[in-house]
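Coordinates in review
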Amino acid sequence: MIELKNISKTISDSFGNSKKIFQNISLIIEPAKITSVIAPLGSGKTTLLKIISGLDKETTGEISGMDDGKIMLIPSTPSSFPWLSVKENILFASKGNVDIKYLIEFVGLEGYSDYYPDNRSIGFRFRISLARALARDPVSICIDEPFTRMDDLTKTELYSLIRKVPTRYKTSLLIATTNITEALYLSDNIYLMGNEPAEIFHKMKVDLPEERDNSILNSSRFISQRNEIERLFKETDSKKILHISI
C-alpha cells in the first residue's frame, strides 16, 4: 500500500516568486486496485504523479510504501524509442526475467514484436509504454491522462486492457484524469481534487461490478455516481466543473 500524507508542492520562478501548486494531499493507493484522481486542467496532477513515481520531490509531507518496489510513470504522451522494435523497447526496461512473448500478447501487440513504433498511433505507443512499465515488475504504475487524443474504439480497447492489469500482474494503478466517465469506468476508488492550490476534497469507492463493458455506462449505479461527482465539483467551486470532462 502506498500512502500520501499531507503532500504539498511549491515552485519558485527565476524572480523568486513562489506558487503553491497543491497542498495537504492525502490519499491511499491500494494494492492491486485502480485509483483515479479527477481534477481540473492545471491543478498539478502531472506534478503529483511525478512525485509519487520519484521524478520530483514534494515540498512538505511524506509518502510511505514506496520502498516496496518500483513505481513507473506513463506520461500523457506515451514514449517509445523509434529506432527500437516493439520487443526491443520492452526489453530495454526489463529486469531480464520477463516473459516477453506473453507480455506482448497481453497488451494486444501480438504479431507486432518486430515492428517499429515511429509514426504509429498513440494507442499503439501506449501499449508499448504499458508493457515496458510492466516489464519492470512494478508495485504501481502512474498513468497521466493518455486517452484525450484517442478515438472511442481505441479508448474502449485500452480501458478493457487496463482493468485486467491488477488481476494479471497484482500491480496497482493510479490514473490522473479530467474525465469523470473515464475515471468511473476504470476505477475502484476515486479522489476529487480542487484547484488553486489544489486539495483533495472528497474520496469515493466506486460501486460497480468487477467485470465492466460499455453497457455499464447506462446503468443507474453508474449515472448516479457520475451525477454525484458533478454535484460535488459544482458545490466546491462552480468554475471547476468547466474544466472537467463529463
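Data block above holds the structure.
An account of the accompanying structure is given in this report.

1. A short note on the pairing of strand β7 (residues 172-177)
- Among the six residues that make up β7, six are buried, leaving the element largely enclosed by the rest of the structure.
- Side chains Ser172, Leu174 and Ala176 project from β7 onto one buried face, and the interleaved Leu173, Ile175 and Thr177 project onto a second face that is buried too.
- Where strand β3 (residues 34-38) and β7 come together, five bridges link them in parallel fashion. For Ser36, the partnering residue across the bridge sits in β7 and is Ile175.
- You can see the chain leave strand β6 (residues 140-144), run along helix α5 (residues 152-169) and come back into β7, and the turn it takes is right-handed.

2. Details of the packing of helix α4 (residues 122-134) against α5
- Running from N to C, α4 and α5 cross one another at 10°; their axes reach a closest spacing of 11 Å. Between α4 and α5, the angle is such that the two are roughly parallel. Across from Gly123, Phe126, Arg127, Leu130 and Leu134 in α4, the residues of α5 making contact are Thr154, Glu157, Leu158, Leu161, Ile162, Val165 and Tyr169.
- Along the lines of polarity and charge, the residues of the contact of α4 with α5 split into eight nonpolar, two polar and two charged.

3. Details of the side chain of Ser140
- Topologically, Ser140 is positioned in strand β6.
- Residues in contact with Ser140, not counting those within four places in the same chain, are Ile2, Ile29, Lys70, Ile71, Met72, Thr171, Ser172 and Leu173.

4. Notes on the sheet that holds strand β1 (residues 2-12)
- Taking strand neighbours across the sheet as the criterion, the three strands line up as β2-β1-β4 in an open arrangement whose pairing is antiparallel. Both edges of this open sheet fall to β2 (18-29) and β4 (60-64), since each of them pairs with a single strand only. Strand-to-strand twist in this sheet, taken as the mean axis angle between neighbours without regard to direction, amounts to 20°.
- Inspection of the sheet shows β1 paired to β2 by eight bridges, in the antiparallel sense.

5. Considerations on the pattern of salt bridges
- Applying the stated rule across the entire model yields nine salt bridges.
- The partner of Arg221 in a salt bridge is Asp207, and the shortest N-O contact between them spans 3.4 Å. Taken together, the residues span a long stretch of sequence, with Arg221 in helix α7 (residues 220-236) and Asp207 in the loop between β9 (200-205) and α7 at a distance of 14 residues.
- Taking the shortest distance from any N to any O, the salt bridge between Arg231 and Glu228 comes out at 2.6 Å.

6. Examining the pairing of β9
- As paired elements, strand β8 (residues 189-193) and β9 share five bridges and run antiparallel to each other. Residue pairing in the sheet places Tyr191 in a bridge with Lys203 of β9.
- Adjacent in sequence and paired antiparallel, β8 and β9 are bridged by six residues, among which Glu196 carries a positive phi angle near 55°.

7. As for helix α1 (residues 45-52)
- With six of its eight residues buried, α1 lies for the most part within the structure.
- Considered for burial, the residues of α1 that qualify are Lys45, Thr47, Leu48, Leu49, Ile51 and Ile52.
- A positive phi of about 85° marks Gly54, the residue just after α1.

8. Here we look at the nonpolar core
- Formed by 47 residues in total, the largest nonpolar core has its most connected members in Phe126, Leu130, Ile141, Ile162, Ile190 and Ile229.
- In terms of residues, this core owes the most to one element, α4, which gives eight residues.
- Counting residues in hydrophobic clusters, the runner-up holds 23 residues, among them Leu49, Cys142, Tyr191 and Ile200.

9. What about α4?
- Look at α4: 18 Å from first C-alpha to last across 13 residues, which is about the 18 Å you get at 1.5 Å a residue.
- The buried fraction of α4 is high, at twelve of 13 residues.
- What α4 keeps buried is the set Ile122, Gly123, Phe124, Phe126, Arg127, Ile128, Ser129, Leu130, Ala131, Arg132, Ala133 and Leu134.

How each quantity is defined
- All residue numbers refer to positions counted from 1 along the written sequence of the respective chain.
- Only residues with pLDDT of 70 or above have their local features reported here, since the model is predicted, and side-chain atom pairs are shown and tallied only from 80 upward, although totals for entire chains, interfaces and linings are computed over all residues.
- By convention in this description, side-chain values take in all heavy atoms of the structure and omit both hydrogens and water.
- For every residue, the accessible area (1.4 Å probe, protein chains only) is compared with the maximum for its type, and the residue is labelled buried under 20%, exposed over 50%, or partly exposed between those bounds.
- Secondary structure counts use DSSP, requiring at least four H or I residues in a row for a helix and at least two E residues in a row for a strand, with both numbered from the N terminus.
- In this analysis, strands are considered paired if DSSP registers two or more bridges between them.
- The handedness of a crossover follows from its direction of travel: if, with the strands pointing away from the viewer, the path from the first strand over the helix to the second runs clockwise, the crossover is right-handed.
- Every axis in this analysis is a line fitted to C-alpha atoms, fitted for helices over the stretch in contact. Angles between the N-to-C directions lie between 0 and 180 degrees.
- Oblique is the label for any angle not covered by the other classes, which are roughly parallel (under 35 degrees), roughly antiparallel (over 145) and roughly perpendicular (65 to 115).
- Residue contacts are counted whenever heavy atoms from the two residues lie within 4.5 Å of one another.
- All residues other than Ala, Val, Leu, Ile, Met, Phe, Trp, Tyr, Cys, Pro, Asp, Glu, Lys and Arg, Gly among them, are scored as polar; the first ten of these are nonpolar and the last four charged.
- Here, a salt bridge means any side-chain nitrogen of Lys or Arg that lies within 4 Å of a carboxyl oxygen of Asp or Glu.
- Here the nonpolar core consists of buried residues drawn from Ala, Val, Leu, Ile, Met, Phe, Trp, Tyr and Cys, with membership extended through side-chain atoms lying within 4.5 Å.
- Here, expected helix span is obtained from the residue count minus one, scaled by 1.5 Å.

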